[in-house]
Amino acid sequence: MAIRLLVAIAFSMAGSVCFGNDDCTTATELQPRLCPVKLPGISTVRIEENGAKSPAADDKATDCSGFRVTAKGVRRFLRRAWEANESDAHHTLDWSPCYASGTLTFEDGRTAHWSISQFRTGSLSIEGEKRVFLYCPRCKYQPFLW
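The following paragraphs examine the structure supplied in this document. (Residues numbered from 1 in each chain as written. Predicted model: local features only at pLDDT ≥ 70, side-chain atom pairs only at ≥ 80, totals over all residues. Heavy atoms only, no water.)

1. Structural notes on the overall build of the protein chain
Consideration 1: Tallying secondary structure elements over the protein chain gives three helices and seven strands in all.
Consideration 2: The N-to-C order of helical and strand elements in the protein chain reads α-β-β-α-β-α-β-β-β-β.
Consideration 3: With 146 residues in all, the protein chain has 36% of them scored as buried.
Consideration 4: A sequence separation of at least 24 residues applies to 60% of the contacts in the protein chain between residues at least 6 apart.
Consideration 5: About 9100 Å² of surface is accessible on the protein chain, with carbon and sulfur atoms providing 53% of the total. (Helix = DSSP H or I, 4+ residues; strand = E, 2+ residues; numbered from the N terminus. Buried < 20%, exposed > 50% of the residue type's maximum accessible area, 1.4 Å probe, protein only. Contact = heavy atoms within 4.5 Å. Areas by Shrake-Rupley, 256 points an atom, 1.4 Å probe, with all protein chains shown as cover.)

2. Observations concerning the packing of aromatic side chains
Consideration 1: Summed over all chains, the structure comprises three aromatic pairs.
Consideration 2: Between the aromatic rings of Phe 67 and Phe 144, the centroid separation amounts to 5.9 Å while the plane-to-plane angle is 55°, which identifies the pairing as tilted. With Phe 67 in the loop between β2 (42–53) and α2 (71–80) and Phe 144 in the segment after β7 (131–135), this pair connects stretches of sequence that are 77 residues apart. The pair formed by Phe 67 and Phe 144 is uniform in burial state, with each residue classed as buried.
Consideration 3: Among the aromatic residues, those joined into a cluster by ring pairs are Phe 67, Phe 77, Tyr 141 and Phe 144.
Consideration 4: In this structure, Arg 76 packs its charged tip against the face of Tyr 141, placed 3.5 Å from the ring centre. (Phe/Tyr/Trp six-rings, centres within 6.5 Å; stacked < 30°, edge-to-face > 60°. Lys NZ or Arg CZ within 6 Å of the ring centre and 35° of its normal.)

3. Digging into the environment of Phe 77
Consideration 1: Relative to the helices and strands, Phe 77 is located in helix α2.
Consideration 2: Assessed through its relative accessible area of 0%, Phe 77 is described here as buried.
Consideration 3: Spatially, the C-alpha atoms of Phe 77 and Tyr 135 are 9.0 Å apart, while their sequence positions differ by 58 residues.
Consideration 4: Contact partners of Phe 77, with chain neighbours within four places excluded, come to Ile 116, Arg 120, Thr 121, Gly 122, Leu 134, Cys 136, Cys 139, Tyr 141 and Phe 144.

4. Some remarks on the nonpolar core
Side chains of a nonpolar character, in soluble globular proteins, are inclined to be buried together.
Consideration 1: One finds Phe 77, Leu 104, Trp 114 and Leu 124 to be the most contacted residues of the largest nonpolar core, which totals 24 residues.
Consideration 2: Counting residues per element, the ones that place at least two in this core are β2, α2, β4 (98–106), β5 (111–117), β6 (121–126) and β7.
Consideration 3: A per-element tally of this core places β4 first, with four residues.
Consideration 4: What Leu 104 contacts, discounting residues up to four positions off in sequence, is Ile 42, Thr 44, Val 45, Leu 78, Arg 110, Thr 111, Ala 112, Trp 114 and Leu 124.
Consideration 5: Formed by six residues, the second largest nonpolar core is a distinct cluster that contains Ala 89, Leu 93, Phe 133 and Tyr 135. (Core = buried A, V, L, I, M, F, W, Y, C linked by side-chain atoms within 4.5 Å.)

5. Here's the deal with the state of the cysteines
Put plainly, a disulfide is one covalent bond tying together the sulfur atoms of two cysteines.
Consideration 1: Summed over all chains, the structure comprises three disulfides.
Consideration 2: Put simply, Cys 24 and Cys 35 are joined by a disulfide, and their sulfur atoms are 2.0 Å apart. Taking the torsion about the sulfur-sulfur bond, which here is approximately 110°, the covalent link between Cys 24 and Cys 35 counts as right-handed. Taken as a pair, Cys 24 in the loop between α1 (2–14) and β1 (34–36) and Cys 35 in strand β1 lie far apart in primary sequence, 11 residues in all. Each of the two residues, Cys 24 as well as Cys 35, counts as buried. (Disulfide = S-S within 2.5 Å.)

Structural data, given as C-alpha cells:
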C-alpha cells in the first residue's frame, strides 16, 4: 500500500507533460524537452493585445510595438508549437517582454486564452484544462525575427 502511494505521488509530481510520449524531443542545455501538441481545429482567433510590453520589463526603453501578430500568424504558431514543462522552459529559454494575447474558439465550441512572446514562447489555457506552455523552435519568420 505504501509503495503504491509513493508511486502515485512521484507520478503526480512529475507532471503530465511529455510523460511516456515517444514523440518528444530530448532536453538540451538550450531547449527543454518538447512534445507534440494535438489541438482541435480553430474556428476564430481574437487578438486583444498586440505589441504589448510586460509590466515585469525592467528597461523602460524597450519598445514592443514591432512585435505584432495576425490571426493567421496565431494559427500558424499553434500548429507548429510544441508543449514544454513550464518550469524547465523558464530555466532554458530566453524571456521576452514583448507579447501578444487574446482568445480563440475551437471548432468543438471550447474557448481558450492564448499568449505568444517575441522569443517564440507562449501559453494556451483551454477552458476546463490545465495551462499549456508552448515553444516553437521552427517559428523563424516574422514577427519572431528581431
